[in-house]
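Descriptive structure summary
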Amino acid sequence: MVRWQWFDSDADVRQAATRYIAAAAREAIAARGAFHLVLAGGGTPRAVYQTLPALSTDWTKWHLYFGDERMLPAEHADRNSKMAHDAWLAQAPIPPHQIHPMPTELGLNAAAAAYADLLRGVGEFDLVLLGLGEDGHTASLFPGHDLGAGEDSPDVLQVRDAPKPPLARLSLSAQRLSRTRQVLFLVTGAGKREPVARWKNGEAIPAAAINCDNGVDVLLDAAAWT
Ligand code: 6PG
């Protein structure tokens, strides 16, 4: 089930996303003493991350994972982990051992094995944040590629021929991204109109392979919706 929530502007989407993340953290920390959050790459998520240092929360209870990562040196400007660090994490006192970047600087095989090991000790996520690509991709699950949607799918997929550079990436599978209490897509800009229309029409774009028992929330601005 997909719940579409649209807003006049991208600034309104950012505000709503910040409130959503804050509420999910509050509930998870109150109920279970920890908040397990999966981060997305991309411009829309980055703008949301920039709002998060101002949250009033117990940062020591946050545990962060990544939905995908590009195979690049650890400090490369195009790494999703670097983007999250610069936009948010450098300013929030989350214990460093609770931040789990995908170590793609080790190469895909080693990084996939390490991340799969890590995730074996992690149950259901509390919240998975995702972006939407113009071709309908999400995380690094691209059209025409294995989405890892089957029940036996591994948690971590290696991508060697992504249609968007860099070609080599790691991605959580659709199956693992769906093992969560909540899913939130952040979608802004006219470039997203086409994948949104295809998704609404019931087409099997990669983003549509993510689901969880509570359904999926999609926050969009007017440009992406109309
Ligand atoms: C990546 C991202 C990717 C992103 C979408 C949307 O590493 O490339 O994880 O899935 O979220 O492409 O990105 P924008 O918000 O920049 O359009």
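Within each chain, residues carry numbers counting from 1 in the order of the written sequence. Local features are withheld for residues below a pLDDT of 70 in this predicted model, meaning they are given only at 70 or higher, and side-chain atom pairs are given and counted only at 80 or more; totals for whole chains, interfaces and linings count all residues. Excluded from the side-chain calculation are hydrogens and water; included are all heavy atoms of the structure.

**Let's talk about the site of the ligand**
Heads up, the rule is: Any residue with a non-hydrogen atom lying within 4 Å of a molecule or strand is treated as near it. The term polar contact refers here to a pair of N or O atoms within 3.5 Å; inside protein, the definition further demands a hydrogen-donor-capable atom paired with an acceptor-capable atom, and it admits residues adjacent in sequence only when both atoms are side-chain atoms. For the area figures, the Shrake-Rupley method with a 1.4 Å probe applies, and any residue is considered shielded solely by the protein chains shown. Lining residues are defined by having an atom within 4 Å of a point belonging to a cavity or pocket. Those points lie on a 1 Å grid over the protein atoms alone, cavities being sets where a 1.4 Å probe fits but cannot get out and pockets being open sets with protein on both sides within 12 Å along at least five of seven lines. More than half of a molecule's atoms lying within 2 Å of a cavity's or pocket's grid points is what places that molecule inside it. Going along the chain from the N terminus, every DSSP run of H or I of four or more residues is numbered as a helix, and every run of E of two or more is numbered as a strand. Nonpolar residues are Ala, Val, Leu, Ile, Met, Phe, Trp, Tyr, Cys and Pro. Charged residues are Asp, Glu, Lys and Arg, and all others, Gly as well, are polar.
Lining the immediate surroundings of the ligand are 17 residues, of which Gly41, Gly43, Arg70, Ala139 and Lys192 lie closest. Within the backbone of Gly43, one N or O atom sits 2.6 Å away from an oxygen atom of the ligand. Out of a free accessible area of 420 Å², the ligand has 89% covered by protein chains. Cavity membership is defined here by more than half of the atoms lying within 2 Å of grid points; on that basis the ligand lies in the largest pocket. Sort the elements by how many residues they give to the shell around the ligand and helix α2 (residues 43-49) lands first, with three residues. Residue composition of the shell around the ligand, by class: three nonpolar, nine polar and five charged.

**Points about the pairing of strand β7 (residues 169-172)**
The condition is simple: The buried label goes to any residue with under 20% of its type's maximum accessible area, the exposed label to any with over 50%, and the partly exposed label to all in between, with areas taken from a 1.4 Å probe on protein chains only. A pair of strands is treated as paired once DSSP finds two or more bridges between them.
Both faces of β7 are covered, namely the face carrying Arg169 and Ser171 and the face carrying Leu170 and Leu172. Of the pairings in the sheet, the one linking strand β4 (residues 68-70) to β7 comprises three bridges and is antiparallel in character. Counterpart to Arg70 in the pairing with β7 is Arg169. Inspection of the sheet shows strand β6 (residues 156-159) paired to β7 by four bridges, in the antiparallel sense. Its bridge partner being in β7, Leu157 is matched across the sheet by Ser171.

**A closer look at the nonpolar core**
Condition: Only buried residues count toward a nonpolar core. Its members are Ala, Val, Leu, Ile, Met, Phe, Trp, Tyr and Cys residues joined through side-chain atoms within 4.5 Å. Only heavy atoms enter the contact rule, under which two residues are in contact if any of them lie within 4.5 Å.
If you look at the biggest cluster of nonpolar residues, it comprises 72 residues, and the most contacted ones within it are Phe35, Tyr49, Trp62, Trp88 and Phe185. Looking at this core element by element, the count peaks at ten residues for helix α1 (residues 10-32). Beyond its immediate chain neighbours, meaning those up to four positions away, Trp88 contacts Leu37, Leu39, Tyr49, Leu52, Pro53, Trp59, Trp62, Leu64 and Ile94.

**Section: the sheet that holds β7**
Sheets are built from strands that pair by backbone hydrogen bonding, the pairs being arranged parallel or antiparallel. Note the threshold: Whenever a helix is involved, its axis is fitted only over the stretch in contact; in every case the axis is a line through C-alpha atoms, and angles between N-to-C directions fall within 0 to 180 degrees.
Pairing within the open sheet is antiparallel, and its three strands lie in the order β4-β7-β6. The sheet terminates laterally at β4 and β6, the two strands that pair on one side only. Pairwise comparison of adjacent strand axes, ignoring direction, gives a mean angle of 15 degrees for this sheet. Packed on one face of the sheet, helix α4 (residues 108-120) meets β6 and β7 and runs near 165 degrees to β6.

**A closer look at the layout of surface pockets**
Selection rule: Grid points are joined across faces, edges and corners, and a volume is the space filled by probe spheres set on the points.
Computed from the structure, the largest pocket encloses a volume of approximately 320 Å³. Around the largest pocket, the lining comprises 20 residues; the ones closest to its centre are Gly41, Gly42, Leu132, His137 and Lys164. Contributions of two or more residues to the lining of the largest pocket are made by α2 and β4. Looking at the lining of the largest pocket, the element that brings in the most residues is α2, giving three residues. Taken together, the residues of the lining of the largest pocket break down into four nonpolar, nine polar and seven charged.

**What to know about the packing of aromatic side chains**
To keep it simple, the criterion reads: Between 30 and 60 degrees the pair is tilted, below 30 it is stacked and above 60 it is edge-to-face, where a pair is any two Phe, Tyr or Trp rings, Trp via its six-membered ring, whose centres lie within 6.5 Å.
Considering all chains together, one arrives at ten aromatic pairs under this definition. Aromatic pair Trp4 and Trp199: ring centres 5.1 Å apart, planes at 75 degrees, arrangement edge-to-face. Here the residue Trp4 occupies a position in strand β1 (residues 2-7), and Trp199 occupies one in helix α6 (residues 193-200), the gap between them amounting to 195 residues. Classification of Trp4 by relative accessible area gives partly exposed; the value is 21%. Arranged with centres 5.6 Å apart and planes meeting at 40 degrees, the rings of Tyr49 and Trp88 form a pair that is tilted. One end of the pair, Tyr49, is in helix α2; the other, Trp88, is in the loop between α3 (80-87) and α4, and 39 residues separate them in sequence. A residue is classified by how much of its surface remains accessible, and Trp88, at 0% relative accessible area, is buried.

**Points about the side chain of Ser178**
Structurally, Ser178 can be placed in the loop between α5 (174-177) and β8 (180-187). A relative accessible area of 18% means that Ser178 is categorised as buried. Beyond its immediate stretch of four places on either side in the chain, Ser178 contacts Ala209, Ile210, Asn211 and Cys212.

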